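Here are the chains, one letter per residue:
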Amino acid sequence: MRNLLLFTIALILFQINIAQQPQKPSSYHEKGEFYIKKAESYLNKDSTTFNLYLDSAFYISNQYQFLDIEVRALIGKGVYFYNKAQYETSIKTYIKALKINEKINIPSLDAKIYDNIGLVNYANQDYDKAIENSLIALAINQEIKDSINLIRNNNNLGIYYHTIKQLEKAIQHYTASKELSLRFNDNKGVFIALTNIGLVKAEQNKNNEALSLYQEAKNYNSKKQDPLSYAYLLINIATTNSALNEPEKSIRNLNEALDIALEHHFLDVEKNCHLYLEEAYEVMGNLENSLKHRRHYDNIKDSILNLEKGVKIAEIETKYKTDLKSEEIKKMNVSMSEYKKKNTILYISLFLGLALITIIVYFFVKRHRAYNAEKEFIETQYQTIESQNKELKNQLIEVSEKLYELRDSNKERKAKYKKSTLTEEQRKTHITTLLTYMNDHKPYLNPNISPQDIADNIKINKHHLSEILNLNFGKNFNGFINLYRIEEAKKLLTDNHNNITMLAIAYDSGFNSKSSFNRAFKEITGNTPSEYKKNMSHPIG
């Protein structure tokens with residue numbers, strides 16, 4: 001959640017910088033890469049945040065015509081629509097990505113797009129197109145020798161051919177997936193391929209071969225690694241044992257799968273276990289146990305049915321409310337149409353006003369979603385930050401007084417300001433005002449801040465400000481501002497922002513470039529930012 005808040009702040013600063021200073025496209029390409037990677041980290045966790053980071057990547061790609069960033073963001077959008085079961089929109093998004101990629105010709109992106117289109121086709125039960133697009137992806141990955149994605153391509157094609165009962169082709173692709181997985185020590189890939197080949201063999205009534213494949217698959221997975229997949233594998237072994245007329249072995253495997261289902265609350269697995277246990281006990285003539293498992297099966301089936309009914313009722317209620325709302329809108333449209341005949345100009349103004357309000361509310365909610373999510377964190381940290389700021393301010397006041405009292409070392413500086421009109425009381429007041437303003441308003445985060453800006457805000461003469469910085473802090477304006485910027489950078493580095501680049505930290509601390517950030521950091525701390533971060537990551541003691 002904290003990362004999301006920092007992302008929002010960074011995005012706002014980024015937009016401000018676009019209007020205020022000359023841009024550096026190469027550095028913003030890195031920001032685009034950063035937003036894509038952050039989106040990928042939220043893919044299976046939070047679809048809203050996933051979509052928000054993709055929007056940020058789009059913003060940068062459109063600003064600087066970074067076509068590779070735009071293609072990758074479109075791929076992410078295609079996945080987003082796929083997960084929402086908006087298949088038509090997902091495919092349109094992928095096609096748009098393909099057209100843009102024609103201009104930059106990155107084969108790996110083409111392969112990924114075609115493979116994803118195949119998944120959408122399969123979900124939409126268009127199996128021929130699913131195979132067609134996956135074969136295109138396979139050919140591209142073979143040409144560029146992308147072995148990792150070839151594992152996925154072959155497994156997907158095996159599933160597609162398996163679904164349409166072209167079993168030999170299914171085995172061919174499952175086997176290719178297994179061999180590649182073995183080569184790259186991908187145990188999960190080997191487990192999936194062996195299990196799928198076993199399923200095909202079972203469909204071909206080659207039960208001994210299927211059983212051998214299932215047993216081999218157990219070597220590449222365990223109930224601790226992936227309990228759900230392991231439970232289904234046990235069910236496959238049990239059904240194969242039943243087909244081989246070995247009900248005792250079937251019961252043993254089904255009971256093991258049932259234990260896993262009960263431990264992890266896998267309701268569908270539990271239901272299947274009871275069904276097959278009923279059949280196995282019936283074959284053995286144990287009607288009491290057969291009846292017991294039948295009752296369990298019926299109870300679970302009823303539970304699932306009730307859940308499905310609940311979902312169906314909710315869908316019906318939603319549809320009813322939607323239809324009711326549509327009817328109300330139709331009536332409203334009739335009324336508005338009549339009103340429009342009487343006063344067309346007023347009607348258009350009202351419509352545009354409502355549309356504008358809707359757009360404003362939409363963007364307001366979108367912009368502040370991350371902030372609202374981090375509200376609790378900010379409140380808990382506020383007191384600590386305030387305490388640190390007060391302590392830093394007091395220390396700076398003490399340092400400024402000590403520097404001012406060192407007359408020998410300040411001789412030249414004091415001679416320069418011999419005719420100063422500042423009294424000692426005014427000097428102390430201005431120092432307190434300056435430090436309070438720096439702590440409360442953080443003007444140093446603005447990369448274009450000037451001495452005149454500071455002087456205007458604390459209501460002091462610009463020359464008096466320069467005098468105070470030189471005599472009381474021994475710094476010129478840039479040196480004084482950089483003290484605060486480096487402290488800000490140290491906080492970001494100390495907070496273990498391992499997923500934020502040094503360039504992002506430089507911008508978030510108020511620097512215009514990475515080189516000026518590195519130079520100032522080395523001058524003030526004696527270390528480069530990377531050295532400082534490394535030391536913080538490996539404490540001594």
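Residues numbered from 1 in each chain as written. Predicted model: local features only at pLDDT ≥ 70, side-chain atom pairs only at ≥ 80, totals over all residues. Heavy atoms only, no water.

Observations concerning the overall build of the chain
Step number 1: What the chain contains, in helices and strands, is 25 helices and zero strands.
Step number 2: Across the 541 residues of the chain, 41% fall into the buried class.
Step number 3: Long-range pairs, those at least 24 residues apart, make up 59% of the contacts in the chain between residues at least 6 apart in sequence.
Step number 4: Carbon and sulfur atoms provide 53% of the accessible area of the chain, an area that totals close to 31,400 Å². (Helix = DSSP H or I, 4+ residues; strand = E, 2+ residues; numbered from the N terminus. Buried < 20%, exposed > 50% of the residue type's maximum accessible area, 1.4 Å probe, protein only. Contact = heavy atoms within 4.5 Å. Areas by Shrake-Rupley, 256 points an atom, 1.4 Å probe, with all protein chains shown as cover.)

Some thoughts on the pattern of salt bridges
Step number 1: For the structure on display, the rule yields 13 salt bridges.
Step number 2: A salt bridge links E203 to K165; its shortest N-O distance comes to 3.1 Å. Of this pair, E203 sits in helix α10 (residues 187-203) while K165 is found in the loop between α8 (147-163) and α9 (167-183), placing the two residues 38 residues apart along the sequence.
Step number 3: When its relative accessible area of 37% is taken as the criterion, E203 is described as partly exposed.
Step number 4: The partner of E246 in a salt bridge is K249, with the nearest N and O atoms 3.5 Å apart.
Step number 5: A relative accessible area of 26% places E246 in the partly exposed class.
Step number 6: Owing to a relative accessible area of 37%, K249 belongs among the partly exposed residues under this scheme.
Step number 7: A single network of salt bridges, built from pairs that share partners, joins E278, R294 and D298. (Salt bridge = Lys/Arg side-chain N within 4 Å of Asp/Glu carboxyl O.)

Considering the packing of aromatic side chains
Step number 1: Evaluation of the coordinates by the stated rule reveals 16 aromatic pairs.
Step number 2: On the basis of an interplanar angle of 55° and a centroid distance of 5.4 Å, the ring pair of F34 and Y35 is categorised as tilted.
Step number 3: Three or more aromatic residues joined by ring pairs form one cluster here, namely Y28, Y64, F66 and Y507.
Step number 4: Its guanidinium or amino end placed over the ring of Y80, K77 lies 6.0 Å from that ring's centre, counting from NZ or CZ.
Step number 5: Sitting over the ring of F511, R485 keeps its end group 5.6 Å from the ring centre. (Phe/Tyr/Trp six-rings, centres within 6.5 Å; stacked < 30°, edge-to-face > 60°. Lys NZ or Arg CZ within 6 Å of the ring centre and 35° of its normal.)

Comments concerning a nonpolar patch on the surface
Step number 1: There is a patch of nonpolar side chains on the surface, built from I348, F351 and L352 and spanning about 300 Å² of accessible area.
Step number 2: If you trace the backbone, L352 turns up in helix α16 (residues 344-373). (Patch = residues over 30% accessible without salt bridge, like charges linked within 9 Å, V, L, I, M, F, W, Y side chains within 5 Å.)

A word on the side chain of N155
Step number 1: Locating N155 in the fold gives a position in helix α8.
Step number 2: Judged by its relative accessible area of 13%, N155 falls in the buried class.
Step number 3: Excluding residues within four positions of it along the chain, N155 makes contact with Y174, S177, I192 and N196.

Quick look at α10
Step number 1: Its 17 residues give α10 an end-to-end C-alpha distance of 25 Å, which sits within 8% of 24 Å, the value for a rise of 1.5 Å per residue.
Step number 2: Along α10, the positions that sit buried rather than exposed are G189, V190, F191, A193, L194, T195, N196, I197, G198, V200 and K201.
Step number 3: On its buried face, α10 is in contact with α8, α9, α11 (207-217) and α12 (227-243). (Expected span 1.5 Å × (residues − 1).)

Considering the environment of K169
Step number 1: Considering the arrangement of structural elements, one finds K169 in helix α9.
Step number 2: The partly exposed category is assigned to K169, whose relative accessible area is 39%.
Step number 3: Sequence separation between K169 and L157 is twelve residues; the distance between their C-alpha atoms is 8.6 Å.

Concerning the nonpolar core
Step number 1: One finds V71, Y94, I113, I505, F517 and F521 to be the most contacted residues of the largest nonpolar core, which totals 45 residues.
Step number 2: Breaking this core down by element, the ones donating at least two residues are α2 (25-41), α3 (47-64), α4 (67-83), α5 (87-104), α6 (107-123), α22 (477-494), α23 (502-508) and α24 (514-525).
Step number 3: Residue contributions to this core peak at nine residues, all from α4.
Step number 4: Ranked by size, the runner-up nonpolar core spans 25 residues in total, among them A130, I131, Y160 and I171. (Core = buried A, V, L, I, M, F, W, Y, C linked by side-chain atoms within 4.5 Å.)

A look at the packing of α4 against α5
Step number 1: Closest axis-to-axis distance for the α4/α5 pair is 8 Å, and the angle between their directions is 165°. With respect to each other, α4 and α5 are oriented roughly antiparallel. For the pair α4 and α5, the crossing hand works out as left-handed. For the pair formed by α4 and α5, the contact residues are L67, D68, E70, V71, L74, I75, K77, G78, V79, F81 and Y82 on the first element and Y87, T89, S90, T93, Y94, K96, A97, I100, N101, K103 and I104 on the second.
Step number 2: The residue makeup of the contact of α4 with α5, split by class, is twelve nonpolar, five polar and five charged. (Axes fitted to C-alpha atoms, helices over the stretch in contact; angles between N-to-C directions. Parallel < 35°, antiparallel > 145°, perpendicular 65-115°, else oblique. Left-handed = near helix turned anticlockwise from the far one by under 90°. Nonpolar A, V, L, I, M, F, W, Y, C, P; charged D, E, K, R; others polar.)

Description of the environment of I151
Step number 1: Here I151 is to be found in helix α8.
Step number 2: Among residues more than four places away in sequence, those in contact with I151 are S177, L180, S181 and D186.

Comments concerning unusual backbone geometry
What you tend to see is this: most non-glycine residues have negative phi, and most peptide bonds are trans.
Step number 1: Even without being a glycine, Q125 presents a positive backbone phi close to 60°.
Step number 2: Here Q125 shows up in the loop between α6 and α7 (127-144).
Step number 3: Given a relative accessible area of 61%, Q125 falls into the exposed group.
Step number 4: The phi dihedral of K145 falls on the positive side, at around 60°, and the residue is not glycine.
Step number 5: Within the element layout of this structure, K145 appears in the loop between α7 and α8.
Step number 6: Relative accessible area serves as the criterion here: at 70%, K145 is assigned to the exposed category.

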